[in-house]
Structure formats: C-alpha cells, structure tokens
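Chain by chain, the residues:
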Amino acid sequence: MNKDKIHSQVELKKKLKECGLRISQSTLSRDLKKLGYIRAPIGDGSYRIIKVEGGEERLDLLFRLGLVELSYVNNIIVIRTKTGNAQAVCTAIDHARIDGIAGTLAGDDTIFALATNKAVAARVVAELKKYIE
C-alpha cells in the first residue's frame, strides 16, 4: 500500500479495509488532518493526498496550489481558488491569523475575507498575490 498513489479519502478507506482496518470517514478525515495530510490538486483536475510537514510549509503549499485570483472592494477581499479548494485555503488563512483579517467565509471556489479597512485589504491582497503563478 505504501507505493500506491491515493487520490481520495474513499480510496484510502478502501485500501485500509483491504488491509483489515476499518475506520469511519469522519475519523479518517480528522486523523489525516492531525497528521498533516492535505488534498492537493495535481494538475489534471484530480487530487492527491499528500503529507506536508511544518505549519509554514503547509500554508505555502495550500496557497501556491489553491489560489487563482485575488481582488478587493473596500474592506472585503475576494479570493478565487481552484474548484473545491476554498475550504482548505480559508482554513489556512484563519490559522495564519493574518493581521487585520476579522473573519472569512468560504464556498467551493470563492472566499470572502473581511479586512478591518481598505488599506489592510490592499496589503493582504498584495501579500497573497506572490503565491499565484
């Protein structure tokens, strides 16, 4: 199993079952998160579960793999992500505790972040744009 490429938690759960291990989807998801695994796009519209070491590395990888477009209107930052990545990127933003971000809200591919003022919104957008390739 160690050499297999796992693309989803469903695949991982099936492989674990084949090895005699039964685990619920919620437990698997929670344990993967605790162990530092994330779902990352691999370029062809599919995803792969990968291990990310430290917190900074995790943020960097999530931002580089997930961010598509950034803009702001007054103090509201609009962050577009690859489809299905908004929740993970939003959580990363929340955990990064970016100075001046009062809160975030994520959909499937869009995040709204509320900045304390327009200047903060401009600064955050400029900081995050370095992750867009």
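Residues numbered from 1 in each chain as written. Predicted model: local features only at pLDDT ≥ 70, side-chain atom pairs only at ≥ 80, totals over all residues. Heavy atoms only, no water.

Undergrad: Which residues make up the sheet that holds strand β6 (residues 110-115), and what are the values?
TA: Strand order in the open sheet formed by four strands is β3-β4-β6-β5, and the pairing between neighbours is antiparallel. The open sheet has two free edges, formed respectively by β3 (67-73) and β5 (101-106), since each of these has just one partner strand. Across the sheet, the axes of successive neighbouring strands diverge by a mean angle of 20°, strand direction being ignored. The strands touched by helix α4 (residues 86-96) are β3, β4 (76-81), β5 and β6; relative to β5, the strand with the most contacts, the crossing angle is about 165°. (Pairing = 2+ DSSP bridges. Helix = DSSP H or I, 4+ residues; strand = E, 2+ residues; numbered from the N terminus. Axes fitted to C-alpha atoms, helices over the stretch in contact; angles between N-to-C directions. Contact = heavy atoms within 4.5 Å.)

Undergrad: If you had to explain helix α5 (residues 118-129) to someone new, which residues and values would you point to?
TA: A rise of 1.5 Å per residue sets the reference length of α5, with its 12 residues, at 16 Å; its end C-alpha atoms lie 16 Å apart and thus fit the reference within 8%. For α5, the set of buried residues is V120, A121, V124, V125 and L128. Mapping the buried residues of α5 onto a view down its axis gives an arc of 135°, with all of them on the same face. Relative to its buried face, α5 has exposed residues pointing more than 90 degrees away, namely A119 and A126. The N-capping residue of α5, defined by a side-chain oxygen 3.0 Å from the backbone nitrogen of A119, is N117. (Expected span 1.5 Å × (residues − 1). Buried < 20%, exposed > 50% of the residue type's maximum accessible area, 1.4 Å probe, protein only. Arc of directions from axis to C-beta. Polar contact = N/O pair within 3.5 Å; in protein donor to acceptor, adjacent residues only side chain to side chain.)

Undergrad: Please set out the nonpolar core residue by residue, giving values where relevant.
TA: Counting residues in each nonpolar core, the largest one holds 23 residues, and the members touching the most others are F63, L67, I77, I79 and L128. The residues contacting L67, other than those within four sequence positions of it, are L62, I79, R80, V89, L128, Y131 and I132. Judged by nonpolar contacts, the second largest core, of six residues, contains L16, L28, L32 and I49. (Core = buried A, V, L, I, M, F, W, Y, C linked by side-chain atoms within 4.5 Å.)

Undergrad: Any chance you could break down the side chain of T110 for me, citing the residues and the numbers?
TA: Secondary-structure assignment places T110 in strand β6. When its relative accessible area of 14% is taken as the criterion, T110 is described as buried. Within the structure, T110 has its side chain in polar contact with the side chain of D109 (distance 3.1 Å). Apart from residues no more than four positions distant in its own chain, T110 is found in contact with V78, I79, R80, T81, A86 and L105.

Undergrad: Which residues make up the side chain of T81, and what values do they have?
TA: Mapping T81 onto the fold places it in strand β4. Polar side-chain contacts of T81 include one of 3.2 Å to the backbone nitrogen of A86. Beyond its immediate stretch of four places on either side in the chain, T81 contacts G66, V68, A86, V89, D108, D109, T110 and I111.

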